[in-house]
Amino acid sequence: ARSPRSHPARASAATRRTMAPPKFKDLLKAPSDLLSDDFTSKKAIKFKLPAGGITFTAQNEFKLSGDKVDYVANKITGKYAHKPSKVSIDKLEFKGDTAKLELSYPFASGKVKGKGDMQPGKDLGGSVEFDTCVGGASVLAALNLNKFKLDLSAVTGMKGLNVGAK
């Protein structure tokens, strides 16, 4: 005999209520990705290498001018998760003379994310985000440190209807 939880149609009401709909900013992600990805003529070589818990990715993008290579853009990224502290370096990227850093940490049944940009001749940029699920609603708060701007968004849904606000 199978338990009621083993069949998806018999999932408990509590299980269905805890699942939140997609985040407001992600509602149009699939269509925009479909329309913008992979429609370029760039040529690239990409290597991915896991080493000692860190994943390194090196990418060289070639810009062609006729039959000659006009420009080569290099990018090196790294990713690391420190399991004892639960701090994760989601992205450490060096591209040309710019650098980006993204960190995340679980906090209060949600996730805190910090992002930073460094470009020569510009101020340091960054943001702090807090993402959580509250009573079946997905809530995101983001503070942009460059403009001192706070964005709040929430999405909830029931029986095939998703409602979002930003």
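Relevant structure appears above.
In this text the structure is predicted, and so the values were computed from the model without any measurement. (Residues numbered from 1 in each chain as written. Predicted model: local features only at pLDDT ≥ 70, side-chain atom pairs only at ≥ 80, totals over all residues. Heavy atoms only, no water.)

Just to check I follow, could you spell out the overall build of the protein chain for this structure?
A count of helices and strands for the protein chain gives two helices and ten strands. Going from the N terminus to the C terminus, the protein chain shows its helices and strands as α-α-β-β-β-β-β-β-β-β-β-β. Across the 166 residues of the protein chain, 15% fall into the buried class. The long-range fraction of contacts in the protein chain, counting pairs at least 24 apart against all pairs at least 6 apart in sequence, stands at 14%. For the protein chain, the computed accessible surface area is about 12,800 Å², with 60% contributed by carbon and sulfur atoms. (Helix = DSSP H or I, 4+ residues; strand = E, 2+ residues; numbered from the N terminus. Buried < 20%, exposed > 50% of the residue type's maximum accessible area, 1.4 Å probe, protein only. Contact = heavy atoms within 4.5 Å. Areas by Shrake-Rupley, 256 points an atom, 1.4 Å probe, with all protein chains shown as cover.)

Just checking my understanding: could you explain the pairing of strand S3 (residues 68-82) for this structure?
Working note: regular strand, side chains alternate between the two faces of the sheet. Direction of pairing for strand S2 (residues 54-65) relative to S3: antiparallel, over a ladder of twelve bridges. When the bridges of S3 are listed, serine 65 appears paired with lysine 68. Hairpin connection, S2 to S3: the antiparallel pair is bridged by two residues, and glycine 66 has positive phi, about 70 degrees. Sheet topology places S3 next to strand S4 (residues 87-95); seven bridges connect them, and they run antiparallel. From the neighbouring strand, alanine 81 faces S4, where its bridge partner is serine 88. Between the antiparallel neighbours S3 and S4 lie four residues, among them lysine 86 with a positive phi of about 65 degrees. (Pairing = 2+ DSSP bridges.)

What is the right way to look at the pattern of salt bridges in this model?
Oppositely charged side chains can pair when the atoms bearing their charge come close. Tallying each qualifying case throughout the model produces two salt bridges. With a shortest N-O distance of 3.8 Å, glutamate 93 and lysine 91 are connected by a salt bridge. According to the relative accessible area criterion, lysine 91 is partly exposed, its value standing at 27%. (Salt bridge = Lys/Arg side-chain N within 4 Å of Asp/Glu carboxyl O.)

I keep staring at the side chain of serine 104 and nothing clicks. Help me out?
Along the chain, serine 104 falls in strand S5 (residues 98-107). With sequence-adjacent residues up to four places away left out, serine 104 is seen in contact with Lys86, Val87, Ser88, Asp90, Lys111, Val112 and Lys113.

In this structure, what is going on with the environment of leucine 152? I would like to understand it.
One can find leucine 152 in strand S9 (residues 149-158). Classification of leucine 152 by relative accessible area gives exposed; the value is 52%. Spatially, the C-alpha atoms of leucine 152 and glutamate 129 are 9.7 Å apart, while their sequence positions differ by 23 residues.

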